[in-house]
Amino acid sequence: MEIVKLFNALPGACAQGLIWGIMAIGVYITYKVLDLADLTVDGTMATGGAVCIMMMLNGYPVGLSLLAAFGAGMLAGLVTGLLHTVMGIPAILSGILTQLGLYSINLRILGGKANQAISVDKYDLLVSLRWVKGVPFYKNTIFVTALFVISIIAVLYWFFGTELGCSIRATGCNANMSRAQGINTDVNKILGLMLSNGIVALASGLYTQYQGFADINAGRGAIVIGLAAVIIGQVVFGKIRGNFAFKLLSVAFGAIIYYLVLQVVLWLGLNSNDLKLLSAIVVAVFLAIPYLKGKYFARPVKRGGASHA
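Each value, and the rule that gives it
- Residues numbered from 1 in each chain as written.
- Predicted model: local features only at pLDDT ≥ 70, side-chain atom pairs only at ≥ 80, totals over all residues.
- Heavy atoms only, no water.
- Helix = DSSP H or I, 4+ residues; strand = E, 2+ residues; numbered from the N terminus.
- Rg over C-alpha atoms; globule rule 2.2 N^0.38 Å.
- Buried < 20%, exposed > 50% of the residue type's maximum accessible area, 1.4 Å probe, protein only.
- Contact = heavy atoms within 4.5 Å.
- Areas by Shrake-Rupley, 256 points an atom, 1.4 Å probe, with all protein chains shown as cover.
- Lys, Arg positive; Asp, Glu negative; His and termini not counted.
- Charge placed at Lys NZ, Arg CZ, Asp CG, Glu CD.
- Axes fitted to C-alpha atoms, helices over the stretch in contact; angles between N-to-C directions.
- Left-handed = near helix turned anticlockwise from the far one by under 90°.
- Nonpolar A, V, L, I, M, F, W, Y, C, P; charged D, E, K, R; others polar.
- Polar contact = N/O pair within 3.5 Å; in protein donor to acceptor, adjacent residues only side chain to side chain.
- Core = buried A, V, L, I, M, F, W, Y, C linked by side-chain atoms within 4.5 Å.
- Parallel < 35°, antiparallel > 145°, perpendicular 65-115°, else oblique.
- Salt bridge = Lys/Arg side-chain N within 4 Å of Asp/Glu carboxyl O.
- Expected span 1.5 Å × (residues − 1).

A. Just the overall build of the protein chain, in detail. Helices and strands together make up the secondary structure of the protein chain, namely eleven helices and two strands. Counting from the amino terminus, helix and strand elements in the protein chain follow one another as α-α-α-α-β-α-α-α-α-β-α-α-α. Here the protein chain has a C-alpha radius of gyration of 20 Å; the compact-globule value for 309 residues is 19 Å, and the two agree. Dimensions of the protein chain along its principal axes, counting C-alpha atoms only, are 75 × 50 × 35 Å. With 309 residues in all, the protein chain has 46% of them scored as buried. Long-range pairs, those at least 24 residues apart, make up 76% of the contacts in the protein chain between residues at least 6 apart in sequence. Carbon and sulfur atoms make up 65% of the accessible area of the protein chain, which amounts to about 15,900 Å² in all. Mean positive and mean negative side-chain charge positions of the protein chain (21 and 10 charges, respectively) differ by 11 Å.

In structure tokens:
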């Protein structure tokens, strides 16, 4: 009976993991491509959902609502980018400042309420917790979110292959060398932060539809989950050679694995009140794996192996 409950819960974990995988792709852009620690994500994850839900409650179609959520996320990234590049504030502090400001803005967007609910029966949602199973495949939340993941990866693969995309990647690799080549690194940092937070807000718009409400605290700890997905993807798929698209896909799979692990551990009988503690432990374990692997399981280098020039 317990195993049946676990298998019944796995589709929901996969759907949730795919949605958070989109968010993790946004985190990957700042963390890996730009080499910046951006904490704006915790605020943007609530902003996107708040904008999407409030627009839908006011009669706007779901597509336009998601587009508005993406735009709101880009504006948040713009603020962080300007604080960092124009005002000279370190990136991590810029993200914290924007995140703090977004809390008040999110409250205003939600009409002064801590949360706003939306009914799957009254509104034309794209995804929902109730559509994980027992619905046509084209309406299934896993199928719809998988399409979003594939589409976003395809667009990003194309974009980062353009001249502008390559300059953003060059900025993250070596800002000093990029400036020496005539690249405006400040503009690239701003664009990268805008793109990253726009994707995070888009994921937030999908997530609020999935759970049926937007909450002011929806983004709390989002950056931790995003980084966990990036690290898990590297640990599990790191030895497989692949292009930029494969790296983005591995991030999405990392988020799915993260939620599947959580689901299995909860199935083992741990109290659901300890979910935050459990999440922290799971993330810490996966973050530690690369270090422990390199320290205790790496092959020792032979002495004198590089002595001759």
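Next comes the rest of the description.
B. Looking closely at the packing of helix 3 (residues 62-85) against helix 8 (residues 185-211). Where helix 3 meets helix 8, the closest approach of the two axes is 6 Å, and the angle between their N-to-C directions is 145°. Regarding helix 3 and helix 8, the two cross each other, and that crossing is right-handed. Along the lines of polarity and charge, the residues of the contact of helix 3 with helix 8 split into 14 nonpolar, ten polar and two charged.

C. Seen up close, the side chain of Gln 209. For Gln 209, the location among the structural elements is in helix 8. Residue classification places Gln 209 among the buried residues on the basis of a relative accessible area of 1%. A distance of 2.8 Å separates a polar side-chain atom of Gln 209 from the backbone nitrogen of Leu 126.

D. Structural detail: the nonpolar core. By size, the foremost hydrophobic cluster in this structure holds 74 residues, and its most contacted members are Trp 20, Met 23, Leu 156, Phe 160 and Tyr 258. Among the elements of the structure, helix 1 (2-33), helix 2 (41-57), helix 3, helix 5 (141-159), helix 8, helix 9 (222-237), helix 10 (244-267) and helix 11 (275-296) are those that each provide at least two residues to this core.

E. Just the environment of Ala 228, in detail. Considering the arrangement of structural elements, one finds Ala 228 in helix 9. Residue class for Ala 228 comes out buried when judged on its relative accessible area of 1%. Along the primary structure Ala 228 and Tyr 210 are separated by 18 residues, whereas in three dimensions their C-alpha atoms are 21 Å apart. Those residues in contact with Ala 228, other than ones at most four positions away along the chain, are Tyr 258 and Val 283.

F. The packing of helix 3 against helix 4 (residues 91-109), seen in detail. Two elements in contact, helix 3 and helix 4, have axes whose closest approach is 8 Å; the angle formed by their N-to-C orientations is 140°. Put simply, helix 3 runs oblique to helix 4. The element helix 3 and its partner helix 4 pack so that their crossing is right-handed. Contact with helix 3, carried on its side by Ala 76, Val 79, Thr 80, Leu 83 and His 84, involves Ala 91, Ser 94, Gly 95, Leu 97, Thr 98 and Leu 102 of helix 4 and no other residues of that element. Along the lines of polarity and charge, the residues of the contact of helix 3 with helix 4 split into six nonpolar, five polar and no charged.

G. A look at the environment of Gly 165. By the element assignment, Gly 165 lies in helix 6 (residues 163-173). Here the alpha-carbon distance between Gly 165 and Gly 192, two residues 27 residues apart in the chain, equals 9.0 Å. Excluding its chain neighbours within four sequence positions, the residues that come into contact with Gly 165 are Phe 159 and Phe 160.

H. Broad picture of the pattern of salt bridges. Tallying each qualifying case throughout the model produces one salt bridge. With a closest N to O distance of 3.2 Å, Arg 130 and Asp 121 form a salt bridge. Residue Arg 130 shares its accessibility class with Asp 121, and that shared class is exposed.

I. Examining helix 2 more closely. With 17 residues, helix 2 should reach 24 Å at 1.5 Å per residue; the first-to-last C-alpha distance of 24 Å fits that figure. Extensive coverage of helix 2 is indicated by the burial of 16 of its 17 residues. Backbone geometry just after helix 2 places Gly 59 at a positive phi near 95°.

J. View of helix 5. Between its first and last C-alpha, helix 5 extends 27 Å over 19 residues, near the 27 Å set by a 1.5 Å rise per residue. Within the span of helix 5, buried status applies to Thr 141, Val 144, Thr 145, Val 149, Ile 152, Ile 153, Leu 156 and Phe 159. One side-chain oxygen at the N-terminal end of helix 5 lies 2.8 Å from the backbone nitrogen of Ile 142; it belongs to Asn 140.

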